[in-house]
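Given next are the chains, with one letter for each unit.
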Amino acid sequence: MFLRGCVTTPATLPKSLAVRRLFSSSQKYFATAGTSLPQTIRQLLARPESSQPLHPVEVSGWVKSVRRQKNVTFAVISDGSWAPGMQAVLSNTNIPKNLTNGASVRLGGTLVKSLGAGQAQELRVDTVDVLGDCDPETYPIQKQALSVEYLRENAHLRPRTDAVASMLRLRSELHRAVHGFFEGQDFTHVHTPILTSSDCEGAGETFRVVPNTAQSTLPEGDAQEEFFSKPAYLTVSSQLHLEALASSLSRVYTLSPCFRAERSQTSRHLAEFWMLEAEWAFTRSVDDVCDLVEACLKGVLARITPDSSLPWSDGRLRSLLNAGQYDAWARMTYTDAVAELERHHASSRAFEFEPKWGRSLQSEHERWLSESFIGGPVFVTDYPASLKPFYMRLNDDRKTVACFDLLIPHVGELVGGSLREERLDYLVASMKTHGLDEEEYKWYTDLRRFGSAPHGGFGMGFERLVSWLSGIENVRECIAMPRWAKRMLL
């Protein structure tokens, strides 16, 4: 109804005035709609004590703990907005029997200065309404320490723990910080496809998508039975689509889910994860791409606030914010990195996998380079072409490509990026080397036929970013609902 009324406005008003009125009306509409929500615990406690209302307030949430004393009962209530929750003080004459850990409640009362330690204000409760019972004998989230394996089995309830709730708030703050950085750099946020017909990385680790019918059991490639007339997959990366958009908008980025059918059981891999990817035109060198990645991560660090409630944090985030993160990050070529790895291995036999030029760097190599050799983040550039996907720009030596991996202490690879091959003949030759069908990628080569421009970009695993900043070692604890090989709850 609101939009229909606005559409008729331009017929009777000058365009500029119509736009102003539409904008003004929408502001008023949404501002009015927003006031219907009651204040959260965080909002109530954030107000100066002197400005707190004397009239009753209402708080809704879940009971985190109940402590009964002779004359009063103390309960901690959480609505997810504030890590410590709010302490509520109840008279023992006003306590329902079903006020237990895990129950959802609505409390009415007055905010007063707390007489106890640990909080500045508390809720003096006048009315209690238990909205949802919770049997304390069978409730899976108890007060004692719970292992990560146990919590993974109860993924639907684990956000009620301090650790997972804090991680989710950190993800949310990182999400806002990322968008703030790219908006400041005049990038356009875009939504890229989840369904795709190609494997961007060429590693074959894709999930095929088929209709949930009897025909879905037929062999791949039967055009009569394929929903899209050809095989479709869940995307492993938005890069190729971002390149198409960057050829018009110049600077684009997305933060979206990706899927890889990796059977790896390491602490760094998930089957479903989120990826921050950016692509922009008219970049000149790998150093330009590294510069933006470094600026992005430092900009994100500057925009977020350490959460002291992170129970598994070793203070890493606060130390990153306060010490040395503005120093220039180290850079070295793959060739130099391998030389250092070989030198160290020759003297210590420290690695399970012997480093050698032309081989992929293993996790143990990446961590040694960042944690021991450099002692901080390091960009490793110019890998052998044989190790990288077809779209990376060939260097003048004809052996390496203009790419990089950003290696981070405690995490390993956090970001990967490159210049993209903008020269049509080089790209076609690379596709043939990688055994790709040129006809299938005709739309991609068309980008080089019609106004090709030098461009580059990168991809960053969002869960690995959360892991780095929070100190959480396993990415399965860096996402709300983890999926990995042989495991998909919910």
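The sections below set out a description of the structure shown in this document. (Residues numbered from 1 in each chain as written. Predicted model: local features only at pLDDT ≥ 70, side-chain atom pairs only at ≥ 80, totals over all residues. Heavy atoms only, no water.)

**Considering helix α12 (residues 442-449)**
Part 1 of the reasoning: Turning to α12, its buried residues are Tyr444, Thr445, Asp446, Leu447 and Arg448.
Part 2 of the reasoning: At its buried positions, α12 is contacted by α6 (239-249), α11 (424-433) and β16 (455-461). (Buried < 20%, exposed > 50% of the residue type's maximum accessible area, 1.4 Å probe, protein only. Helix = DSSP H or I, 4+ residues; strand = E, 2+ residues; numbered from the N terminus. Contact = heavy atoms within 4.5 Å.)

**Re the nonpolar core**
Part 1 of the reasoning: Judged by nonpolar contacts, the single largest core of 43 residues is most densely connected at Phe182, Phe458 and Trp468.
Part 2 of the reasoning: Elements that contribute at least two residues to this core include exactly α5 (162-184), β10 (251-259), β11 (272-281), α7 (286-303), β14 (403-408), β15 (412-419), β16 and α13 (462-470).
Part 3 of the reasoning: Discounting chain neighbours no more than four positions away, the residues touching Phe182 are Phe187, Tyr253, Leu276, Ala278, Leu292, Cys296 and Phe458.
Part 4 of the reasoning: Core analysis: the next-biggest nonpolar cluster, separate from the first, contains 25 residues, Val338, Val401, Cys403 and Tyr441 among them. (Core = buried A, V, L, I, M, F, W, Y, C linked by side-chain atoms within 4.5 Å.)

**Here's the deal with the packing of aromatic side chains**
To describe a pair of aromatic rings, you give the distance between the ring centres and the angle between the ring planes.
Part 1 of the reasoning: Per the stated rule, a full pass over the model turns up 16 aromatic pairs.
Part 2 of the reasoning: Here the aromatic rings of Phe187 and Trp280 are separated by 5.9 Å at their centres, their planes lie at 75 degrees, and the arrangement is edge-to-face. Taken as a pair, Phe187 in the loop between α5 and β6 (188-189) and Trp280 in strand β11 lie far apart in primary sequence, 93 residues in all. Side by side, Phe187 and Trp280 carry an identical accessibility label, which is buried. (Phe/Tyr/Trp six-rings, centres within 6.5 Å; stacked < 30°, edge-to-face > 60°.)

**Description of the side chain of Glu477**
Part 1 of the reasoning: Tracing the backbone through its elements, the reader meets Glu477 in the segment after α13.
Part 2 of the reasoning: Take Glu477: its relative accessible area is 12%, and that puts it in the buried class.
Part 3 of the reasoning: Ignoring anything within four residues of it in the chain, the contact list for Glu477 reads Val148, Arg152, Arg158, Met167 and Ile472.

**A look at the sheet that holds strand β13 (residues 378-381)**
Part 1 of the reasoning: Judged by pairing direction, the sheet is mixed, and its eight strands sit side by side in the order β6-β10-β11-β16-β15-β14-β13-β12 without closing on themselves. Edge positions in the sheet fall to β6 and β12 (330-333), since each of these pairs with one other strand and no more.
Part 2 of the reasoning: Here β11 runs beside β16; their pairing, made up of seven bridges, is antiparallel. When the sheet's bridge partners are listed, Leu276 is paired in β16 with Met460.
Part 3 of the reasoning: Here α13 sits on the sheet in contact with β10, β11, β14, β15 and β16, set at roughly 60 degrees to β16. (Pairing = 2+ DSSP bridges. Axes fitted to C-alpha atoms, helices over the stretch in contact; angles between N-to-C directions.)

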